[in-house]
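# Understanding the architecture of this molecule
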Amino acid sequence: MMLIPHACLNAAGGRLMKKPLAAFAAGVAGHALLDLTPHKDISAHKAEGLGVLIILGLVGSSCGWSSPAFWCAMGGVLPDVEQVLPWTDPKRGRHRWFPTHTPPLHSLAPPWAPRWRAPLLLQTAVSLAALGAAVAWCKK
Ligand SMILES: [Zn+2]
């Protein structure tokens, strides 16, 4: 999954939670769930990384740095750090640890439309809506 939807959707999900630590754990689980959904990926790590830093900054500064929204977003972003680490790079013969980062569990094909993948534009639109919901009326 693109990194930006992980951050935005998890931030919105975190709004439904009370405790930052539980929100973080739910965020990691939410990462796995989103990885399972059929989706297209981009490999623009630097642009995505920068975008995610801005999103995390926005969520943290509007909802609070110890808010469930912020920590749920962090939990959603963290598993993807291994996508850019050299010692978990499959091209170098290493393997990835997070269960949804290897083929059988990554981006499942829907049985009724085996070739469908959520397009980038849809992912971006959903992300923006989720980010709006995450930071709207968010009080520190
Ligand atoms: Zn992932």
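This section reports on the structure supplied with the text. Values in this document were obtained by computation on a predicted structure and should not be read as measured data.

## Regarding the overall build of the chain
If you tally the helices and strands in the chain, you get five helices and zero strands. In the chain, the succession of α and β elements from N to C terminus is α-α-α-α-α. The C-alpha atoms of the chain give a radius of gyration of 15 Å, which matches the 14 Å a tight globule of 140 residues would have. Principal-axis analysis of the C-alpha atoms places the extent of the chain at approximately 45 × 35 × 25 Å. With 140 residues in all, the chain has 40% of them scored as buried. Long-range contacts, defined here as pairs at least 24 residues apart, represent 78% of the contacts in the chain between residues at least 6 apart. Surface exposure of the chain reaches about 8100 Å², of which carbon and sulfur atoms provide 73%.

## Details of the environment of Pro-99
Counting through the fold element by element, Pro-99 comes out in the loop between α4 (68–77) and α5 (120–135). Assessed through its relative accessible area of 48%, Pro-99 is described here as partly exposed.

## What about the coordination of the zinc ion?
At the metal site, the zinc ion is ligated by His-31 (NE2), Asp-35 (OD), Asp-80 (OD) and His-101 (NE2), and these contacts range over 2.1 to 2.4 Å. For the zinc ion, the four donor atoms in the first shell make angles of 80 to 174° at the metal, so the coordination geometry reads as irregular. Binding-site remark: the zinc ion is held by donors from one chain whose sequence spacing is H-x3-D-x44-D-x20-H. Of the two residues, His-31 and Asp-35 are both situated in helix α2 (residues 20–36); the distance of four residues between them amounts to about one turn of the helix. Across the pair, exposure class does not vary: His-31 and Asp-35 are buried alike.

## A closer look at the pattern of salt bridges
Within the structure shown, the criterion is met by one salt bridge. Of the charged contacts in the structure, one is a salt bridge between Arg-92 and Asp-89, with a shortest N-O distance of 3.6 Å. Note on Arg-92: relative accessible area 56%, which makes it exposed.

## Regarding the state of the cysteines
Tallying each qualifying case throughout the model produces one disulfide. With a sulfur-sulfur separation of 1.9 Å, Cys-63 is cross-linked through a disulfide to Cys-138. What sets the handedness of the Cys-63 and Cys-138 disulfide is the S-S torsion sign, and at about 130° it is right-handed. Placement of the pair is Cys-63 in helix α3 (residues 45–63) and Cys-138 in the segment after α5, with a sequence separation of 75 residues.

Cut-offs used in this document
Residues numbered from 1 in each chain as written. Predicted model: local features only at pLDDT ≥ 70, side-chain atom pairs only at ≥ 80, totals over all residues. Heavy atoms only, no water. Helix = DSSP H or I, 4+ residues; strand = E, 2+ residues; numbered from the N terminus. Rg over C-alpha atoms; globule rule 2.2 N^0.38 Å. Buried < 20%, exposed > 50% of the residue type's maximum accessible area, 1.4 Å probe, protein only. Contact = heavy atoms within 4.5 Å. Areas by Shrake-Rupley, 256 points an atom, 1.4 Å probe, with all protein chains shown as cover. Donors = N, O, S within 2.8 Å, 3.2 Å for Na, K, Ca; no water. Tetrahedral: all angles 85-135°; square planar, octahedral: opposite > 155°, others 65-115°. Salt bridge = Lys/Arg side-chain N within 4 Å of Asp/Glu carboxyl O. Disulfide = S-S within 2.5 Å.

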